[in-house]
Amino acid sequence: MKPAVIIICGVVLLAVGVAITLGLDSTVDQGREVYAMQKCALCHSVSGIGGKKMALDGVGSRLKLEEIRKWIQSPRSMKADTTMKAYPNLPRKDLSDLVAYLATLK
Ligand code: HEC
């Protein structure tokens, strides 16, 4: 094999490696963005920043993934008289990213 081919292969492998690494982190980062875009912080705080209704710190330890998802999609199915706004129409990817982000709040 020519040296140039070996170098090109090396660069391609490196690029794929970087892409995979970034990809793994991006779910949680995207979820943080959805949290900001949907203005969850109007009511919720994380690390003391945001609304005073309820802190979401530790929600990743308190609730299962499925419970977090339900709270977002249909809060009333978790607590009949809750004042939390429902988000039934979030795109599937946004919802799963958001749940992944909240699950990191231990
Ligand atoms: C209008 C205010 C409001 C908004 C906006 C809001 N929430 Fe809530 N949320 C609440 C309240 C209040 C509770 C506590 C449940 C209760 O007692 O009614 C709650 C509960 C939760 C819980 C359960 C927490 C636990 O530990 O039991 C999760 C998870 C949650 N909210 C996530 C979100 C996310 C994610 C968003 C944005 C997409 C959001 N909330 C937007 C008011 C809000």
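Before reading on, note that the structure itself is shown above.
Residues numbered from 1 in each chain as written. Predicted model: local features only at pLDDT ≥ 70, side-chain atom pairs only at ≥ 80, totals over all residues. Heavy atoms only, no water.

Asker: What is the right way to read the sheet that holds strand S2 (residues 49–50) from this model?
Answerer: Whether parallel or antiparallel, the strands of a sheet pair through hydrogen bonds between backbone atoms. The strand order across the open sheet built from 3 strands is S2-S1-S3, with neighbouring strands paired in mixed fashion. One side of each edge strand has no neighbouring strand; the edge strands of this open sheet are S2 and strand S3 (54–55). Sheet topology note: the strand S1 (residues 44–46)/S3 ladder contains 2 bridges and is parallel. What sits directly across from histidine 44, in S3, is methionine 54. (Pairing = 2+ DSSP bridges. Helix = DSSP H or I, 4+ residues; strand = E, 2+ residues; numbered from the N terminus.)

Asker: What is the right way to look at the coordination of the iron atom of the ligand in this model?
Answerer: Perfect tetrahedral coordination of a metal by four donors corresponds to 109.5 degrees between them, and perfect octahedral coordination by six donors corresponds to 90 or 180 degrees. Taken together, the protein donors to the iron atom of the ligand comprise His44 (NE2) and Met84 (SD), at separations of 1.9 to 2.1 Å. Considering all 6 donor atoms around the iron atom of the ligand, angles at the metal cover 86 to 177° and the coordination shape is octahedral. Note that histidine 44 is positioned in strand S1 and methionine 84 in the loop between helix H4 (75–78) and helix H5 (92–103), a separation of 40 residues in sequence. Since its relative accessible area comes to 23%, methionine 84 is described here as partly exposed. (Donors = N, O, S within 2.8 Å, 3.2 Å for Na, K, Ca; no water. Tetrahedral: all angles 85-135°; square planar, octahedral: opposite > 155°, others 65-115°. Buried < 20%, exposed > 50% of the residue type's maximum accessible area, 1.4 Å probe, protein only.)

Asker: Hey, could you run me through the side chain of threonine 82 in this one?
Answerer: Checked against the element boundaries, threonine 82 lands in the loop between H4 and H5. Side-chain polar atoms of threonine 82 contact the backbone nitrogen of methionine 84, separated by 3.1 Å. Beyond its immediate stretch of four places on either side in the chain, threonine 82 contacts Trp71, Pro75 and Arg76. (Polar contact = N/O pair within 3.5 Å; in protein donor to acceptor, adjacent residues only side chain to side chain. Contact = heavy atoms within 4.5 Å.)

Asker: Just checking my understanding: could you explain the site of the ligand for this structure?
Answerer: Lining the immediate environment of the ligand, one finds 18 residues, of which Cys40, Cys43, His44, Thr82 and Met84 sit closest. Histidine 44 is positioned with one of its side-chain polar atoms (N or O) 2.7 Å from a nitrogen atom of the ligand. Separating an oxygen atom of the ligand from a side-chain N or O atom of threonine 82 is a distance of 2.5 Å. Counting residues per element, the ones that place at least two in the shell around the ligand are helix H2 (59–62), helix H3 (65–73) and H5. Each residue belonging to the shell around the ligand can be placed in one class, and the counts come to 12 nonpolar, 4 polar and 2 charged. (Near = heavy atom within 4 Å. Nonpolar A, V, L, I, M, F, W, Y, C, P; charged D, E, K, R; others polar.)

Asker: Teacher, can you tell me more about the packing of aromatic side chains here?
Answerer: On inspection of all chains with the given rule, the structure shows 1 aromatic pair. Here tyrosine 35 and tyrosine 101 contribute two aromatic rings whose centre-to-centre distance is 5.7 Å and whose plane-to-plane angle is 65°, an arrangement assigned as edge-to-face. One end of the pair, tyrosine 35, is in helix H1 (residues 3–37); the other, tyrosine 101, is in helix H5, and 66 residues separate them in sequence. Residue classification places tyrosine 35 among the buried positions, given a relative accessible area of 9%. The class of tyrosine 101 is buried, set by a relative accessible area of 6%. (Phe/Tyr/Trp six-rings, centres within 6.5 Å; stacked < 30°, edge-to-face > 60°.)

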